[in-house]
Amino acid sequence: MGSPYKGVLYVGVMVTRDGPKLVEYNARFGDPECQVQMLRMMSDIGAGADRLGDGQLKNFQPALVRRCGLTVIMATKAIPAITARAR
């Protein structure tokens, strides 16, 4: 529509017996899955956002701390059933 998307997309995937299923996608940094990765970021995220807005993201090389990250998320058993009904 003449407005190219410039930003970050987070993809939430659930692994099932039938293979991976897309659960959600969004563009926010508040999810626990994203937060654990942001703690590893050594680069200036603001500089990356500026380059993204200017169309120069290829000139930004993010540096991450080389260590593992772990997020534990507790959810009810109903989550897979809700996701299956939404398809």
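Heads up: the structure comes first, above all this text.
A brief report on the enclosed structure follows. (Residues numbered from 1 in each chain as written. Predicted model: local features only at pLDDT ≥ 70, side-chain atom pairs only at ≥ 80, totals over all residues. Heavy atoms only, no water.)

Considerations on the overall build of the protein chain
Stage number 1. Helix and strand counts for the protein chain come out as three helices and two strands.
Stage number 2. Reading the secondary structure of the protein chain in the N-to-C direction produces β-β-α-α-α.
Stage number 3. Within the protein chain, contacts between residues separated by at least 24 positions form 29% of all contacts whose residues are at least 6 apart in sequence.
Stage number 4. In the form shown here, the protein chain has an accessible surface area of approximately 7400 Å², with 59% of it arising from carbon and sulfur atoms. (Helix = DSSP H or I, 4+ residues; strand = E, 2+ residues; numbered from the N terminus. Contact = heavy atoms within 4.5 Å. Areas by Shrake-Rupley, 256 points an atom, 1.4 Å probe, with all protein chains shown as cover.)

Regarding helix α2 (residues 45–53)
Stage number 1. For α2, the N-terminal capping position is held by Asp44, with its side-chain oxygen 2.9 Å away from the main-chain nitrogen of Gly46.
Stage number 2. Once α2 finishes, Gly55 follows within two positions and takes phi at roughly 75 degrees, a positive value. (Polar contact = N/O pair within 3.5 Å; in protein donor to acceptor, adjacent residues only side chain to side chain.)

Details of the pairing of strand β1 (residues 10–16)
Stage number 1. Bridge analysis of β1 against strand β2 (residues 19–26) gives seven bridges, and the strand direction is antiparallel. Paired with Val15 across the bridge in β2 is Pro20.
Stage number 2. Where β1 folds back onto β2 in an antiparallel hairpin, the turn is made up of two residues. (Pairing = 2+ DSSP bridges.)

Comments concerning the environment of Tyr10
Stage number 1. By secondary structure assignment, the location of Tyr10 is in strand β1.
Stage number 2. Taking relative accessible area as the criterion, Tyr10 reaches 16% and is therefore assigned buried.
Stage number 3. Along the primary structure Tyr10 and Ala27 are separated by 17 residues, whereas in three dimensions their C-alpha atoms are 5.7 Å apart.
Stage number 4. Those residues within four positions of Tyr10 in sequence are excluded, and the remaining contacts are Glu24, Tyr25, Asn26, Asp31 and Glu33. (Buried < 20%, exposed > 50% of the residue type's maximum accessible area, 1.4 Å probe, protein only.)

Function-wise, these values are silent; they only describe arrangement.
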